[in-house]
Amino acid sequence: MNTPAPTSATGFADLHLHTLFSDGTFTPEELAQRGQLCELSAMALTDHDTVEGCARMAAACALLGIEFIPGAELTAEYRDNEVHLLGYFLDTAHPGLLAEIKKFQNVRQDRVREMAAKLNELNIPLRAEAVFELANCRSPGRPHVARAMVQEGLCESLEEAFERYLKKGRPAWVPKYKISALDAMELIHEAGGLAVLAHPGLNRNDDVIPELARLGLDGLECFHTRHSSEASERYLRMAARLKLAVTGGSDCHGFSKHKPLIGSVKLPAIYLEKLKELRDQATRRDEGESYVEG
Ligand code: AMP
Ligand code: FE
Ligand code: FE
Ligand code: ZN
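Residues numbered from 1 in each chain as written. Chains lettered and ligands numbered in written order. Predicted model: local features only at pLDDT ≥ 70, side-chain atom pairs only at ≥ 80, totals over all residues. Heavy atoms only, no water.

Peer 1: Tell me about the overall build of the chain, residues and numbers included.
Peer 2: When helices and strands are counted, the chain shows 10 helices and 9 strands. Over its C-alpha atoms the chain spans a radius of gyration of 19 Å, differing by no more than 12% from the 19 Å that the globule rule assigns to 294 residues. Relative to its 294 residues, the chain shows a buried fraction of 53%. Put simply, 71% of the contacts in the chain that link residues at least 6 apart link residues at least 24 apart. Surface exposure of the chain reaches about 13,700 Å², of which carbon and sulfur atoms provide 50%. Of the side-chain charges in the chain, 34 are positive and 43 negative, and the distance between the mean point of each set is 4 Å. (Helix = DSSP H or I, 4+ residues; strand = E, 2+ residues; numbered from the N terminus. Rg over C-alpha atoms; globule rule 2.2 N^0.38 Å. Buried < 20%, exposed > 50% of the residue type's maximum accessible area, 1.4 Å probe, protein only. Contact = heavy atoms within 4.5 Å. Areas by Shrake-Rupley, 256 points an atom, 1.4 Å probe, with all protein chains shown as cover. Lys, Arg positive; Asp, Glu negative; His and termini not counted. Charge placed at Lys NZ, Arg CZ, Asp CG, Glu CD.)

Here it is, written out as structure tokens:
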């Protein structure tokens, strides 16, 4: 499995988690409880294109004595590659971040309407409203469309919905709005956060990593449920070479795709300590800059 060997630092973190504020199925409170059962000492919430769940997750973690890191997973692109950028230690009240999130959410909702219209053209009577009711969040996506199709009896399973209609190249596929990776990293930095490339092993293009590192990337998600041990080792070497922080997480979506993945990747606390040191350095640098500028 791809869980790293424990080190002398105590505790384990999961730095990649979703709730029902995007396409996960757990509430923040349920997720925190699951984290406690997995004996996690720290958790980051990284819902797709939103930070809305962070306040509740922070409160739930505080009650359970779990350290919480507010985050998000931003959908971005770099030279025609879709890349997901994890932002950590975000100021969840940052106006620029909230404005971008609003835009993400508006286009996600429009995209659901477009997918429903395409399905309707195929004589599949899915109403966008049924998707919105089921999703009950501002960041709806294809998993919600698939769940609504199953709920309305229009499909047997989520897999069938994706395979027949929603996958790229299938008749109801609609491309997703992405911001440029450069803008995403800038936004994360402006909101006081660190930018980490999510699941590089799923991107099928390692060439972008050194380029993103030059453009301001802070870290690499070396440990991920879908990385083999070999892949994790490769990304660890790459992170060392490029002086990127190392992170890891399960990418748990609750019961939406698999059984809950939380606990499948446990990042030794030493990596989180290093990430925090990097955040502190960046904060000191920003404060120094604003002092010089007056
Ligand atoms: P979206 O952000 O709306 O494009 O949806 C992306 C989400 O759909 C991610 O969480 C994916 O893991 C999930 N997804 C992609 N393909 C499938 C599939 N074949 N079955 C179930 N979920 C999928
Ligand atoms: Fe997802
Ligand atoms: Fe992702
Ligand atoms: Zn994710």
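Peer 1: I'd love a proper account of the pairing of strand β8 (residues 245–249), names of residues and values included.
Peer 2: With respect to burial, β8 is a largely interior element, 5 of its 5 residues being buried. A two-sided burial pattern is seen for β8, the buried positions comprising Ala245, Thr247 and Gly249 on one face and Val246 and Gly248 on the other. Bridge count between strand β7 (residues 219–224) and β8: 5 bridges; the pairing is parallel. Within the sheet, the bridge partner assigned to glutamate 221 lies in β8 and is threonine 247. Running through helix α9 (residues 229–242), the crossover from β7 to the neighbouring parallel element β8 is right-handed. (Pairing = 2+ DSSP bridges. Right-handed = clockwise from strand over helix to strand, strands pointing away.)

Peer 1: Tell me about the packing of helix α1 (residues 28–37) against helix α2 (residues 54–64), residues and numbers included.
Peer 2: Two elements in contact, α1 and α2, have axes whose closest approach is 8 Å; the angle formed by their N-to-C orientations is 35°. Judged by the twist between their axes, the crossing of α1 over α2 is right-handed. Contacts between α1 and α2 pair Pro28, Glu29, Leu31, Ala32, Gln33 and Gln36 from the former with Arg56, Met57, Ala60, Cys61 and Leu64 from the latter. Residue composition of the contact of α1 with α2, grouped by class: 7 nonpolar, 2 polar and 2 charged. (Axes fitted to C-alpha atoms, helices over the stretch in contact; angles between N-to-C directions. Left-handed = near helix turned anticlockwise from the far one by under 90°. Nonpolar A, V, L, I, M, F, W, Y, C, P; charged D, E, K, R; others polar.)

Peer 1: Describe the coordination of the iron ion (ligand 2), listing the residues and the values that go with them.
Peer 2: With distances of 2.0 to 2.8 Å, the protein atoms coordinating the iron ion (ligand 2) are Asp23 (OD), Asp23 (OD), His48 (NE2) and His253 (NE2). Positions of the donor residues of the iron ion (ligand 2), expressed as sequence spacing, correspond to D-x24-H-x204-H. (Donors = N, O, S within 2.8 Å, 3.2 Å for Na, K, Ca; no water.)

Peer 1: Which residues make up the coordination of the iron ion (ligand 3), and what values do they have?
Peer 2: Glu73 (OE), His84 (ND1) and His199 (NE2) make up the full set of protein donors to the iron ion (ligand 3), lying at 2.0 to 2.3 Å. Considered as a linear motif, the donors of the iron ion (ligand 3) on their single chain read E-x10-H-x114-H. Between the iron ion (ligand 3) and the iron ion (ligand 2) there is a metal-metal distance of 5.9 Å. With a gap of 11 residues between them, glutamate 73 in strand β3 (residues 67–78) and histidine 84 in strand β4 (residues 81–88) connect regions that are remote in the sequence. A single burial state applies to glutamate 73 and to histidine 84, both of which are buried.

Peer 1: Give me the lowdown on the environment of histidine 48, citing residues and values where you can.
Peer 2: For histidine 48, the position within the fold is in the loop between β2 (42–45) and α2. Histidine 48 sits in the buried class, given a relative accessible area of 10%. Residues histidine 48 and glycine 24 lie 24 residues apart in sequence; the distance between their C-alpha atoms is 9.5 Å. The contact partners of histidine 48, leaving out residues within four places of it in the chain, are His18, Ser22, Asp23, Glu73, Arg108, Ser139 and His253.

Peer 1: So, the pattern of salt bridges: which residues are in play, and what are the values?
Peer 2: Counted by the stated rule, this structure contains 13 salt bridges. Residue lysine 276 pairs with glutamate 67 through a salt bridge whose shortest N-O separation is 2.7 Å. Linking lysine 276 in helix α10 (residues 269–293) with glutamate 67 in strand β3, this pair joins segments that are 209 residues apart in sequence. A relative accessible area of 16% places lysine 276 in the buried class. The salt bridge involving glutamate 211 is made with arginine 79; its shortest N-O contact spans 2.7 Å. Taken as a pair, glutamate 211 in helix α8 (residues 208–214) and arginine 79 in the loop between β3 and β4 lie far apart in primary sequence, 132 residues in all. A cluster of three or more residues bridged by salt bridges with shared partners is formed by Glu67, Glu273 and Lys276. (Salt bridge = Lys/Arg side-chain N within 4 Å of Asp/Glu carboxyl O.)

Peer 1: Describe helix α6 (residues 158–166), with residues and values.
Peer 2: Turning to α6, its buried residues number three or more, namely Glu160, Ala161, Tyr165 and Leu166. All buried residues of α6 lie within an arc of 145° about the axis, which places them on one face of the element. Residues of α6 that are buried in the fold lie against α3 (95–121) and α5 (142–151). (Arc of directions from axis to C-beta.)

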